[in-house]
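Close look at the chain arrangement
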Amino acid sequence: MSEAQFLTGLSAVRCDVDLSPLTTFGVHAVARFFARAQDDETLVSLYEAARRDNVPVLVLGGGSNILFTRDFDGLVVSIASRGVEVVDENDDYRFVRVAAGEDWSAFVDDCLQKGWCGLENLSLVPGTVGGAAVQNIGAYGVEFAERVSEVECLDSVTLQKVRLTAQECDYGYRTSVFKTDKRHLVVTAVTLALPKVFRPVAGYKEMQAYFADRTPADARELAEAVKAIRRRKLPDPKEIGSAGSFFKNPVVSRIKMVSLLEETPQIVTYPMAGGRAKLAAGWLIEAVGMKGKRVGDAAVYERQALVLVNYGSATGAQIKALADEVVFKVKRRFGVELEPEPVII
Ligand code: EPU
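What this report covers is the structure whose coordinates are included nearby. Just so it is clear, the model here is predicted, and its values are computed rather than measured. (Residues numbered from 1 in each chain as written. Predicted model: local features only at pLDDT ≥ 70, side-chain atom pairs only at ≥ 80, totals over all residues. Heavy atoms only, no water.)

1. Comments concerning the overall build of the protein
The helix and strand inventory of the protein stands at ten helices and 20 strands. A globule of 345 residues ought to have a C-alpha radius of gyration of about 20 Å, and the protein, at 21 Å, matches this closely. Along the longest, intermediate and shortest principal axes, the C-alpha atoms of the protein span 65 × 55 × 35 Å. Residue burial in the protein is summarised as follows: out of 345 residues, 50% are buried. Taking as baseline every contact in the protein between residues at least 6 positions apart, the subset at least 24 positions apart corresponds to 61%. Once the 42 positive and 45 negative side-chain charges of the protein are each reduced to a mean point, those two points are 5 Å apart. (Helix = DSSP H or I, 4+ residues; strand = E, 2+ residues; numbered from the N terminus. Rg over C-alpha atoms; globule rule 2.2 N^0.38 Å. Buried < 20%, exposed > 50% of the residue type's maximum accessible area, 1.4 Å probe, protein only. Contact = heavy atoms within 4.5 Å. Lys, Arg positive; Asp, Glu negative; His and termini not counted. Charge placed at Lys NZ, Arg CZ, Asp CG, Glu CD.)

Right, here's the structure in full:
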């Protein structure tokens, strides 16, 4: 197929586009075709064209949860829809519909400016609103899943619009139906249920230390605490390339947790329902001596071992090799398998 054929009627499609400015890792990778979808109609026509010409499609949100280790021989679609509107309210909640292409962190700040609460714990999380819905972002005691009411998406197989209730999104720790469903649902908009009364979620250890004996007065004050805590530990994606936590905190059975604690009582564990436990992966990585390890410009961040960074010109393959070394060493020492959070291409 020639590029001219593929481009017929789709003047917005560009060829051989460097994706490094479009992902927070900032590693070099080239998309054979690239387009922005400002609305659902454009998204559908891009899928139709790609299907007609047998070109694989990859959807990008804010590029904060993806690592390219090679070029992409297909069409990369960047979701670029915009818009925030209050669609309903009752005594307890304000229902806010947000386009998937909106920047999550800017949207949270905008809510705080308007005096809306509920998202303050999720301040400064990089990526788009669509990405937040796919990933079920979570930080400092709050997950996206707890604030969502409905998700609108495009079924990329039938090209029909689909609306899912929060329950149908099947949210779990850093997972959702959007990661697992064979229909390859592309999130186009979300409706959040924002509580009208501010109820601080401030039980997180560092948050308690920040507020000492006080209770945060309002959502803005809590957001300031979250931002200060994040800035201490997490790299600013505008300055240092990263995808936030590179690994999920692994969940182990009760039996495994007991045997780990017998051997290594200092291990940091968080008990879960059903007797299982989540382990602090950052602790495990630090314990195997990988915190701060640097190979060229790829490194395990020195302030938070769960984060892999690109100090400038690391390749995706170098970051992946470092990640593999982390996985290998943690497995060898603790018998626990770390699972990467970002999509690796
Ligand atoms: N720890 C270490 N060494 C390290 C890092 C962590 O020993 O280098 C131990 C410490 O004991 C610490 C514990 O791990 O108390 C937990 O660390 P932290 O509070 O930084 O949280 P996390 O479990 O490493 C998770 C999320 C973050 C989120 C924070 C706060 C995942 C994969 N990551 O990190 O999310 O901001 O909790 O809620 O669940 C992200 O997903 O990109 C992300 C940054």
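Continuing now.
2. Section: helix H7 (residues 219–233)
With 15 residues, H7 should cover 21 Å at 1.5 Å per step; its first-to-last C-alpha distance of 21 Å lies within 8% of that length. The complete set of buried residues in H7 reads Ala-219, Leu-222, Ala-223, Ala-225, Val-226, Lys-227, Ile-229 and Arg-230. Of the surrounding secondary structure, the elements contacted by the buried residues of H7 are helix H3 (104–113), strand S8 (138–139) and helix H6 (205–211). (Expected span 1.5 Å × (residues − 1).)

3. A short note on the pairing of strand S19 (residues 307–310)
Side chains Val-307 and Val-309 project from S19 onto one buried face, and the interleaved Leu-308 and Asn-310 project onto a second face that is buried too. Looking at chain direction, strand S13 (residues 241–245) and S19 are connected through three bridges and run antiparallel. In the sheet register, Ser-242 faces S19, and the bridge partner there is Val-309. Taken together, the three bridges between strand S18 (residues 298–300) and S19 define a ladder with antiparallel strand orientation. When the sheet's bridge partners are listed, Val-300 is paired in S19 with Leu-308. The hairpin turn running from S18 into S19, its antiparallel successor, is six residues long. (Pairing = 2+ DSSP bridges.)

4. A word on the pattern of salt bridges
The tally for this structure, following the rule as stated, stands at 19 salt bridges. A salt bridge links Arg-52 to Asp-53; the nearest nitrogen and oxygen atoms lie 3.7 Å apart. Accessibility expressed as a relative area gives 53% for Arg-52, which makes it exposed. Of the charged contacts, one joins Glu-325 and Lys-329 as a salt bridge, the two residues approaching to 2.8 Å between their closest N and O atoms. One end of the pair, Glu-325, and the other, Lys-329, are both in helix H10 (residues 316–334), four residues apart, so they sit about a helical turn from each other. Among the charged side chains, a salt-bridge network with shared partners connects Asp-40, Glu-41 and Lys-161. (Salt bridge = Lys/Arg side-chain N within 4 Å of Asp/Glu carboxyl O.)

5. Comments concerning the state of the cysteines
Taken as a whole, this structure holds zero disulfides when the rule is applied. With no disulfide of its own, Cys-153 lies 7.0 Å from the sulfur of Cys-169, the closest cysteine sulfur. Taking relative accessible area as the criterion, Cys-153 reaches 2% and is therefore assigned buried. (Disulfide = S-S within 2.5 Å.)

6. Examining the sheet that holds strand S12 (residues 185–195)
Strand order in the open sheet formed by five strands is S6-S7-S12-S10-S11, with antiparallel pairing between adjacent strands. With one partner strand each, in any of the chains shown, strand S6 (84–89) and strand S11 (161–165) form the two edges of the open sheet. Sheet twist, expressed as the average angle between the axes of neighbouring strands with direction ignored, equals 25°. Note that strand S10 (residues 148–155) and S12 share seven bridges and pair antiparallel. Looking across to S12, one finds that Leu-154 is bridged to Val-186. Packing of helix H2 (residues 40–52) onto the sheet brings it into contact with S10, S11 and S12, and relative to S12 it is tilted by some 155°. The sheet contacts of H3 involve S6, strand S7 (93–99) and S12, and relative to S12 the element is tilted by about 20°. (Axes fitted to C-alpha atoms, helices over the stretch in contact; angles between N-to-C directions.)

7. Brief notes about the site of the ligand
Neighbouring residues of the ligand: 27 residues in total, closest Tyr-140, Tyr-173, Tyr-204, Lys-233 and Glu-286. The separation between an oxygen atom of the ligand and a polar side-chain atom of Tyr-173 is 2.7 Å. The side chain of Lys-291 places a nitrogen or oxygen atom 2.8 Å from an oxygen atom of the ligand. In the complex, the protein chains occlude 85% of the 820 Å² of accessible area that the ligand would expose alone. Those elements giving two or more residues to the shell around the ligand turn out to be S8, H6, H7, S13 and helix H9 (281–287). Ranked by residue count, the leading element in the shell around the ligand is H9, at three residues. A breakdown of the residues in the shell around the ligand according to their chemical character gives twelve nonpolar, six polar and nine charged. Here the shell around the ligand spans two domains, since at least three of its residues come from each of domain 2 (84–231) and domain 3 (235–344). (Near = heavy atom within 4 Å. Polar contact = N/O pair within 3.5 Å; in protein donor to acceptor, adjacent residues only side chain to side chain. Areas by Shrake-Rupley, 256 points an atom, 1.4 Å probe, with all protein chains shown as cover. Nonpolar A, V, L, I, M, F, W, Y, C, P; charged D, E, K, R; others polar. Domains from an automatic or database assignment.)

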